[in-house]
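A closer look at the structure
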Amino acid sequence: MNESWERSKIFFKSESFKKILKRIGLFFVGIILLLFVSTAVFAIYFNNNKAKIVSQINSKINENIVGTVKIGDINYKFLKGFPNMTLALSQVEVIDSLFSVHKRTLLTAEQIEVRIAVLDLLVNEISVDKIEISQATLHLFKGKDGIVNTSIFKSKVKTTNSESTTTSTINEILLHKVHFISENQQGNKLFDFDINDLRSNVKFKNNNWTTKLYLKTFAKNMAFNTQRGSFIKDKMVEGVLEVDYSEVKNQINVATEKLLIGKETFDIKANFSLDAKKSPFSIAIKTDILWRNASELLSANITEKLNQFDLKNSINVGCTIIGDMNATGDPEIVVSTETVNNELKIPDGIITNSSFKATFTNQYVKGKGCNDINSTISITDFSGQYKTIPFSIPIGIISNLEKTSAAGSFKADFAVSKLNELINKDLMHFSNGQAKLNLDFKFDVMDLKITKPLFTGNVYVKDAIVNYGPRNLKFLKTDVQLDFTDEALLIKKINFKDERSSVFMDGRIDNFMTLYYENPEKMIVNWDIYAPFLDVKKVVGAITTSAPAVKTKQQKKDDSSQQLYAVIDKCQVVLNVKADKMVYSKLQATNLKAAILLSNNTLIVKNGALQSSGGTISFDGKLAPVNKQYALESNTQINNVNIAQFLTALNNFGITSFEPKDIKGSLKASASVKGTLLSGGQLKTNSLSGVAKFDVKKGELIDFKPITNIGKFAFPFRNVNNIIFSDLSGNFKIKGDLIDVNDLKVSSNILNIDVDGVYSFGSGTNLAMTIPLRNPKKDRFITDEEEKLEKRYNGIVLHLLAVDEQGKIKIKWNKNHK
C-alpha cells in the first residue's frame, strides 16, 4: 500500500503527468473559446439577419394562427440554450379575429423565450424546441352566444410517419407567473389560476405526446357552476402530473400522486376531451382527510350543508367528478367514504363510536340533472352512541338539499336508566327496565329542525321506574308498548304502579310526530284508563301541585328536556277513566267512570259517575290554575247516599256546629258550586260559592244543637234529642262561610220548622224560624197533603230568630216576622 502511494507521488511529479494536465486544460479552454466564438457568431448572425428571422417567426406563427399577433421586440439571449439559439419576445399580444365582439385578449405576455434549432435556421426553417412564458395572462373565453376567442389556431395536416420528423414540435414548456383564465359563460364555468411555475418536457410519438409536468399554482376559482361557487377556492396546488395526449381519442389524461392542495394531499386521475362541441371530462380523487378540511375544498353550496356536521378523525374519501366543459350546469359529483369508531358532531349533539359508510351524489336519478334537488346522501351500516344511548341505522337516505328530507330505519336496545343523560333529572328520572326500538322514519329538515316527521314501527319498555319531577310522581314497574303507524301513535299495554294505585292504559295520538315538533298545543292524547284502585286525592294533588319550570344549567342544542317538557305542558289529554275502587280522603267509592280533559294545566271532567255511601253520585267539573291555587267548578247530583257517611267522608264541609254522626237518613241533592283548591288538593276553607238543593228521606237528627237549644225553652216535654223526619228539604245559596237558607222545611215527629235566613260556619248566623207549637206526632197518619199543610200551622206558632252573638247562637223573638 505504501509502495503504491510512493509510485503515485512520483508519477504526479513527473513531466509526463504535467504534459497530460496541460493538454486537458488546453482542451477545456478551447471548448470555452469555441462556445464564446459560436455564441458570438450566433449573435452576429442574429443581428445581421434579425429582420429575416423575425419574418420567419411571423411566417411560422401565421401558418397556425388566424388573428393578430403583436410582438414588441425580439432579442438574442447570449449563451442561453447553446448550441441552439434562444430568442426573447417581449410585449407579446395575441387576439383572435372576433376581439371587437367579445373584448377578451387571448394572450398578453411581458416576455416569451423561444429556443430555436440553429441548423434549421440555416435551411430557412424554424424549429421551436422550447417556450418559456413569464409575466403573462392567458384568457380562454366562450360567451353566452357561443362566441369564443380561441378560434385562432389553424387545423393541422395529419402525418402518417411512425416517428415524428417535424421540426416545429415544442419539446419543453415553462410558465412563470402566468395568470390562466378559462371563462365559459354559456356553461357557467370559470377557472382562474395564478400559475407560479409550470415545467414540462414533452415526448412526441406521431401526433401523440406525454409529459411529466411540475405545477405550482394558486387556484383563485375552479367553478363548474358559477352559481354554486368554486372548488378549492384560494388554495395553493403543487405537485407532479403525468400527462398524455391521445390523438385517436382526442383526449388528455392526467394522473398524479400526493398532489398538494392547500395542506392536503390527493391522488388524482382525470381525462379531458378536446372535442369542439362536446368536451366531456372525468376526475377521480382519493385522499385521507378531516371532514372540515374536505368541506373547505368544495363549492359553497356543498360546504354550507356539510359544515352542519363534523368528524373528529380523518376519513378515507373517494370522489369522482364527471361533466362537460361545454355544457351548462353542475358536473356529476359522487363522494364515498367509510369510517370506524369516529366521533360525529351533528346539530343536536355528538355521536360517539360512529361507524358507517356514506355516499353523496348530486345526480340520484339519472337524467334529472346534477343539482341540489337531485342530490342525496346515502348512509349504510351506521352504528353509534348518542350520549349513553347505543343505536344503529341500517340504512338512511338524506334527499334534496334544497327541501331536505330524510328516511331510513332506526334500531336501539338499551337500559332505560341511560335516558337520564338525555332528559333533565328535574323533569324525569329513570331506573330499572329495558327499552327496545325498531322504527322506520321519514321527515323533512328545515333550518336544522325536524318537520313533518313520520315514524312506523314499535317501542317496548319493560319494568321501568319513572320519577316525574314537576308533579312529584313515582311510577313503579312501568311497561310500555308504542306502535307508530302512518296515521297515529298507538300506546298499548301501558301499566304502572305507584305506592297505592295500579293503572292500566291504552292510548292514541293522531299525527303525533308532526304535532310534537310543530304544534304541541294541538296534540290530543286519548287515553283509556282502567284502575283496580285509584287514590283520587293523590292524582288531583299531583295536578294541582305547582309545576316549576325545568332547571337547566345552560340551555344546549342537544338538550331535549325543554322540548319534551313543552310538549307535556302544552298538549291536550283526554282520559276515559274506569276504576273499580277509589278513595278521596275519607270518601270511598266504587265503579268510577269519567271523561277527563287535561289542557293547559286545566282539568275538565264530564259524565262522571260513581257509587258511594250506599247511593250514586254523578258530576261534571273543572279545575283551572289561578296563581298558585286552583279554581274549582262542580255540578253534582247525589242520589240516595247515606248522609252520615257522606258528610264524614267530606269532612262535614268544614262545619263544626254539629257532627255527621248526629244526622241520619238518605240524601238526595244537587249542587252547582265554585271554590278553591290549595296545592295538594285540599279545599280552601270558606271558598265555596253556588247553589244547592237537598232532600233527606227517613232522616233523623240526634242532639242537633240548633234544635235542642230551642227545645229547652219551647218544648221542655218533647224529646228533641232524637227527631225523626218525614220531610227535610231546602234550597241553599252558598257564599263562602255563609249559607242563604231558602224555604227549609222540617217535618218531624217532634215538631215542624220552617227556616229562612243566613247560616254561618263561623259568625253571622241569622235564621228566621217559624215553629208551630202543636205536636205533629200524629200527622204521619194524614194522607191528604192539603189537609196536612192546613193543620201544620194550627194553634200557637212561634216566630224566633237564631242569631250569632260573640260566637254563640242566641234565640230571640222575631218581632218582624212575616
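Quick caveat: nothing in here was measured; it's all calculated off a predicted structure.

With that out of the way, let us pick up unusual backbone geometry. Positive phi, close to 55°, is recorded for Asn188, a residue that is not glycine. Even without being glycine, Lys698 reaches a positive phi, approximately 55°. By the secondary structure assignment, Lys698 is in strand 32 (residues 689-702). When its relative accessible area of 75% is taken as the criterion, Lys698 is described as exposed.

So, on to the pairing of strand 30 (residues 629-642). For strand 29 (residues 615-626) and strand 30, the ladder comprises 11 bridges, and the chain directions are antiparallel. Each residue of the ladder has a partner; that of Gly621, found in strand 30, is Ser634. Following strand 29, the chain reverses through 2 residues before pairing antiparallel with strand 30; Asn627 in that reversal takes a positive phi of roughly 55°. Here 11 bridges tie strand 30 to strand 31 (residues 663-677), and the two strands are oriented antiparallel to one another.

The subject of this paragraph is empty space enclosed by the protein. Inspection of the entire model under this criterion finds 1 cavity of 30 Å³ or more. In this structure, the largest cavity occupies an estimated 100 Å³ of space. Lining the largest cavity we find 16 residues, and of these Asn301, Ile302, Asp330, Ile333 and Asn362 sit closest to its centre.

Let us now look at the confidence of the model for the protein chain. Close inspection of predicted coordinates is inappropriate for parts of the model with low pLDDT. In the predicted model, the protein chain carries a mean pLDDT of 78, and the fraction of residues at 70 or more is 77%. Here residues 546-550 is modelled with pLDDT under 50, and outside its nearest four sequence neighbours on either side it reaches 14 contacts, counting other chains as well. The low-confidence segment residues 552-559 (pLDDT under 50) makes 11 contacts with residues lying over four places distant or belonging to another chain.

Glancing now at the packing of aromatic side chains. A complete count under the given rule lists 11 aromatic pairs for this structure. A centroid spacing of 5.4 Å and a plane angle of 20° characterise the contact between Phe224 and Phe281, whose relative ring orientation is stacked. Of the two residues, Phe224 is situated in the loop between strand 7 (208-223) and strand 8 (235-246) and Phe281 in strand 11 (residues 280-289); the sequence distance between them amounts to 57 residues. Accessibility expressed as a relative area gives 3% for Phe224, which makes it buried. The class for Phe281 is buried, based on a relative accessible area of 2%. For the pair Phe694 and Phe732, a centre-to-centre distance of 5.1 Å together with 20° between the ring planes defines the contact as stacked. One end of the pair, Phe694, is in strand 32; the other, Phe732, is in strand 33 (residues 722-735), and 38 residues separate them in sequence. One aromatic cluster in this structure is built from Phe191, Phe224, Phe231, Phe272 and Phe281.

Each value, and the rule that gives it
Residues numbered from 1 in each chain as written. Predicted model: local features only at pLDDT ≥ 70, side-chain atom pairs only at ≥ 80, totals over all residues. Heavy atoms only, no water. Helix = DSSP H or I, 4+ residues; strand = E, 2+ residues; numbered from the N terminus. Buried < 20%, exposed > 50% of the residue type's maximum accessible area, 1.4 Å probe, protein only. Pairing = 2+ DSSP bridges. 1 Å grid on protein atoms, 1.4 Å probe; cavity = no way out; pocket = protein on both sides within 12 Å on 5 of 7 lines; lining within 4 Å. Points joined across faces, edges and corners; volume = space filled by probe spheres on them. pLDDT = per-residue confidence, 0-100. Contact = heavy atoms within 4.5 Å. Phe/Tyr/Trp six-rings, centres within 6.5 Å; stacked < 30°, edge-to-face > 60°.

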